[in-house]
Amino acid sequence: MEPKTNSSVIKPYKESQNNFVSLIVSKDVKDGKFNGRVQTRFPPEPNGHLHIGHAKSICLNFGIAADYEGVCSLRLDDTNPAKEGSEFAQAIIEDVNWLGFDWGNNFHCASDYFSELYQFAIQLIHSGKAYVDSLSAEDIRAYRGTLKEPGRDSPYRDRSIEENIDLFERMRNKEFKEGSHVLRAKIDMSSSNMNLRDPVMYRILHVSHHRTGNEWCIYPMYDFAHGQCDSIEGVTHSICTLEFENNRPLYDWFLDALGVDHPRQIEFARLNLNYTVLSKRRLAALIDCGHVSGWDDPRMPTISGMRRRGYTPEALREFCDRIGVAKRNTTVDLALLEHILRQHLNRTVQRAMGVLRPIRVVIVNYPEDQVEQINAINNPEDAAMGTRKVPFSRVLYIERDDFLENPPKKFYRLAPGQEVRLRYAYFIRYESVIRNPETGEVEELRCTYDPDTRGGFASDGRKVKATLHWVSAAHSVDAEVRLYDRLFAINDPASVPVEDLDSILNPASIEIIHGCKLEPSLADVTSGSRLQLERQGYFCVDSVDSSVEHLVFNRTVTLRDTWARIQKANNNKS
RNA sequence: UGGGCCGUGGUGCAAUGGUAGCACAGCGGACUUUGGAUCCGUAGAUCCUGGUUCGAGUCCAGGCGGCCCAGCCA
């Protein structure tokens, strides 16, 4: 018999990608380019934390390499020591690893090649293709011209090779102040491509580098480093984002002038997500302004933030797979990410019961001292995950939202005259309510249970329309629960200036609830573990703030909530 | 008349000159001890104008629209 198709099955991350990049690589392999070899790399700058946009690039690069039995390396493009640091480098390594990718021995840094790069620069000076310019930064800008007008040659452009070598060596030997000289490529000041108007190759930076210390005071620009690093490592396909399209002719110029092999550069569109910002600058601003607690705040789209929020690497990889790769700038719907996350969590994670906003329920006809161990299923999607016992007694907690004295139409939960099921336990019926005499707030519900419905089935076959989660008061475990929602209130937060980010924040992006009541099996959960709180959503144990004495859970994502949609539709009607 | 790149349902990705398809979101229904999950159904797209062709989303031309480039950032 055919197995039933189940679209919730996440396919193992092995399946070949089918996108324009892969098609190009595939053709190159068939044509015998690069001797049929495929080598890619993921080249972040260690000046910030990786985010889901980087995950797209990581999955693409490692995925392509895997598809063609090639190599993908991790290379840190650390050419600007003023902004970079080893904490970032460390975080990058951890994040790529956590995503599930292995670069083996192929970990590199642009700084590993500083000597080679220096020699390349010398070579270009010797061949008359680079010169030391002593114009100020402002003058260089002025000489560069504009998008529509050509630039002018620097007065230093025709220095002799000897003089250039001398100056460049002295730059290297710490003889000059920052900004006094730069090394430039001698290309074409009237090029319609601004990158070709004698780009700066080296600048003086009296800054120590997190890997090379004080060995250097001149550092290559990214544009002079990236292509050569690829070349040195034997990268065949240099996959990068769209904004580098204009730089490709420059990279080719350097590599050709140097007479070395060069990879094929392929540009793809970076990821945009609605309700999300992904630019390093905006992410840093959120932290600096105190809108979030740090790079790993569970509301951040960083890998570390999503990890802390409870995302799984599998879901992130599947997402990167499903969004595809193309050249047009697009914005992916956050709903797709959440759908894929739920899909994975639904199949793999244990269920438990926990009451977030408790209200006491006393089952008046249940024996005072009786406690029953109720059998509960750990995951209805996977019988292999087994069952557990949950204690039931006379005094319980249920969710405050699950009772309404004057319910609207289609409200199936507990209300006067309505019978509901307590999951896996009994049918109960509302009898009366006890209010705080001063505030009028509902303090306790008095209910009766039907002993003939043990396990949640009525022997007479009668049905109920709702099943509620519950926790035995005497056996419950206290916890703090942090409810997260999207950080921004508007669809396209990247469209507002960084200074105004605070005006578009979602005020409900975090809600902290204390005094939540969880079933006792959750007393000894371990840091980072994930679960579903039935009818509430998926949660994980916070890796930073949770302890045995004080449990802290993060809501990763809600369950799909049909009831909320019905309510919303009703509100829109009225 | 700076240059480069890109335009397919609401969103993202396919269709590689031959029936415009998949997923998410939406809507409707079935089922249900999670208002979850699952299942079934449904609506909705080739930027415009010409050309080539038996046949164009795909090739060509011209428009229109969007993104990127004037860091000693990457």
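All of these numbers come straight from a predicted model, not from anything done at the bench.

1. Considerations on the sheet that holds strand β3 (residues 107–109)
Right, so step 1: Strands sit in the order β1-β2-β3 across an open sheet of three strands; the sheet is parallel. The sheet is open, and its two borders are formed by β1 (39–42) and β3, each paired with just one other strand. Each strand of the sheet is rotated relative to its neighbour by a mean of 35°, with strand direction disregarded.
Right, so step 2: In this structure, strand β2 (residues 71–76) lies alongside β3, joined through three bridges in parallel fashion. By the bridge assignment for β3, Leu 76 is matched with Cys 109.
Right, so step 3: Lying over the sheet, helix α2 (residues 52–67) contacts β1 and β2, oriented at roughly 160° with respect to β1.
Right, so step 4: With respect to the sheet, helix α3 (residues 86–99) is in contact with β1, β2 and β3, its orientation differing from that of β2 by roughly 155°.

2. Things to note about the pattern of salt bridges
Right, so step 1: In total, this model carries 44 salt bridges according to the counting rule given.
Right, so step 2: Via salt bridges that share partners, Asp 296, Arg 308, Glu 480, Arg 482, Asp 542 and Asp 545 belong to a single interconnected network.

3. Section: the pairing of strand β12 (residues 358–363)
Right, so step 1: Pairing between β12 and strand β15 (residues 395–399): five bridges, direction antiparallel. Bridging from a neighbouring strand, Pro 358 pairs with Glu 399 of β15.
Right, so step 2: Across four bridges, the pairing between β12 and strand β18 (residues 442–450) is parallel. Within β18, the residue paired with Ile 363 across the bridge is Cys 447.

4. Here's the deal with helix α6 (residues 161–172)
Since the α-helix advances by 3.6 residues per turn, residues separated by three or four positions end up pointing in the same direction.
Right, so step 1: Along its 12 residues, α6 runs 16 Å from first to last C-alpha, staying within 8% of the 16 Å computed at 1.5 Å per residue.
Right, so step 2: Downstream of α6 by one or two residues, Lys 174 has phi in the positive range, about 65°.

5. Observations concerning the domain arrangement of chain A
Right, so step 1: The assigned domain composition of chain A is domain 1 (7–111 + 223–334), domain 2 (115–221), domain 3 (354–469) and domain 4 (479–573).
Right, so step 2: Placing the centre of domain 3 and that of domain 4 at their C-alpha centroids yields a distance of 24 Å.
Right, so step 3: The partner domain 4 presents 17 residues to the 21 residues of domain 3 that form the contact.
Right, so step 4: At the boundary of domain 3 with domain 4, total buried surface from both sides reaches about 1,600 Å², with 53% on carbon and sulfur atoms.
Right, so step 5: Considering only the side of domain 3, the residues that lose the most area to domain 4 are Gly 354, Leu 356 and Arg 357, jointly responsible for 35% of the buried surface there.
Right, so step 6: Seen at the junction of domain 3 and domain 4, the total is four salt bridges.
Right, so step 7: A salt bridge links Arg 357 to Glu 511; the shortest N-O distance between them is 3.0 Å.
Right, so step 8: At the boundary of domain 3 and domain 4, one finds nine residue pairs in polar contact (both at pLDDT 80 or more).
Right, so step 9: Put simply, the parts of the chain that give the side of domain 3 that touches domain 4 at least two residues each are β11 (354–355), β14 (387–392), β15 and β19 (467–468).
Right, so step 10: By residue class, the composition of the side of domain 3 that touches domain 4 is 10 nonpolar, three polar and eight charged.

Rules used throughout
Residues numbered from 1 in each chain as written. Chains lettered and ligands numbered in written order. Predicted model: local features only at pLDDT ≥ 70, side-chain atom pairs only at ≥ 80, totals over all residues. Heavy atoms only, no water. Pairing = 2+ DSSP bridges. Helix = DSSP H or I, 4+ residues; strand = E, 2+ residues; numbered from the N terminus. Axes fitted to C-alpha atoms, helices over the stretch in contact; angles between N-to-C directions. Contact = heavy atoms within 4.5 Å. Salt bridge = Lys/Arg side-chain N within 4 Å of Asp/Glu carboxyl O. Expected span 1.5 Å × (residues − 1). Domains from an automatic or database assignment. Buried area = accessible area lost by both parts, 1.4 Å probe. Polar contact = N/O pair within 3.5 Å; in protein donor to acceptor, adjacent residues only side chain to side chain. Nonpolar A, V, L, I, M, F, W, Y, C, P; charged D, E, K, R; others polar.

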